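# Reading the structure
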Amino acid sequence: MVEQLLASPQIPFKGLNFAHVPDEPGVYLFSDHVTGESLYVGQSTRIRGRIKKYWEGSSSFRTGGLQDVTDSKEWLKNNVSIRWLTQNELSMTITVAQHFAIGALRPKYNR
């Protein structure tokens, strides 16, 4: 599953077209688009809605240490790429997929 996530297209956050982000359950990975470092693995019942919250800098949305960094929307837009897999592409639940991805990738902002 982790190999499948890493093989999915990596899209710079700055050029993200939300019409292409699935509005269905899945897991997503934020990574530094320069170094490739894994920053955060998350899950959502609506990937598009969750990603929009990051894009908008929603103050009601908190995700541990990543929120400190994402308080600067410009940092997020200029430094982060995103990948995702939908529930239909996974052979397991999104919760289990997120758990495996966090264990394998050890993202900087997952606690």
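So, a few notes on the structure that sits alongside this text. Fair warning: this is a prediction, and the values are worked out from it, not measured in the lab.

Basis of the calculations
- All residue numbers refer to position in the chain's written sequence, counted from 1.
- Restriction of local features to residues with pLDDT of at least 70 applies here, the model being predicted, together with a cutoff of 80 or more for giving and counting side-chain atom pairs; totals for whole chains, interfaces and linings are based on all residues.
- Based on all heavy atoms of the structure, the side-chain values leave hydrogens and waters out of the count.
- We define a salt bridge as a side-chain nitrogen of Lys or Arg found within 4 Å of a carboxyl oxygen belonging to Asp or Glu.
- Put simply, DSSP H or I for four residues or longer makes a helix, DSSP E for two residues or longer makes a strand, and each gets a number counted from the N terminus.
- Working definition: with a 1.4 Å probe on protein chains only, accessible area under 20% of the residue-type maximum means buried, over 50% means exposed, and in between means partly exposed.
- Only rings of Phe, Tyr and Trp enter the pairing, Trp through its six-membered ring, and a pair is recorded when the two centres are within 6.5 Å. The plane angle decides the type: under 30 degrees is stacked, over 60 is edge-to-face, the rest tilted.
- Geometrically, a lysine NZ or arginine CZ counts as sitting over a ring once it is within 6 Å of the ring centre and also within 35 degrees of the ring normal.

## Focus: the pattern of salt bridges
- For the structure on display, the rule yields one salt bridge.
- Of the charged contacts in the structure, one is a salt bridge between Arg-46 and Asp-23, with a shortest N-O distance of 2.8 Å. Here the residue Arg-46 occupies a position in the loop between strand 3 (38-44) and helix 2 (47-56), and Asp-23 occupies one in the loop between strand 1 (11-12) and strand 2 (26-32), the gap between them amounting to 23 residues.
- The partly exposed category is assigned to Asp-23, whose relative accessible area is 38%.

## Quick look at the packing of aromatic side chains
- For the structure on display, the rule yields eight aromatic pairs.
- Between Tyr-28 and Tyr-54, the ring centres sit 6.3 Å apart and the planes meet at 70°, which makes this aromatic pair edge-to-face. Of this pair, Tyr-28 sits in strand 2 while Tyr-54 sits in helix 2, placing them 26 residues apart in sequence. Across this residue pair, the class does not change: Tyr-28 and Tyr-54 are buried.
- Note on Phe-30 and Tyr-54: the rings are 4.7 Å apart at their centroids and 80° apart in plane angle, and the pair reads as edge-to-face. Remark: Tyr-54 occurs in helix 2 and Phe-30 occurs in strand 2; sequence separation between them is 24 residues. This pair shows no difference in class: Phe-30 is buried, exactly as Tyr-54 is.
- Feature note: the residues Phe-13, Phe-18, Tyr-28, Phe-30, Tyr-40, Tyr-54 and Trp-55 constitute an aromatic cluster, connected by ring pairs.
- Taking NZ or CZ as reference, Lys-52 lies 5.7 Å from the ring centre of Phe-18, over its face.
- Sitting over the face of the ring of Trp-55, Lys-77 holds its NZ or CZ atom 4.1 Å from the ring centroid.

What is shown is where atoms sit, not what they do.
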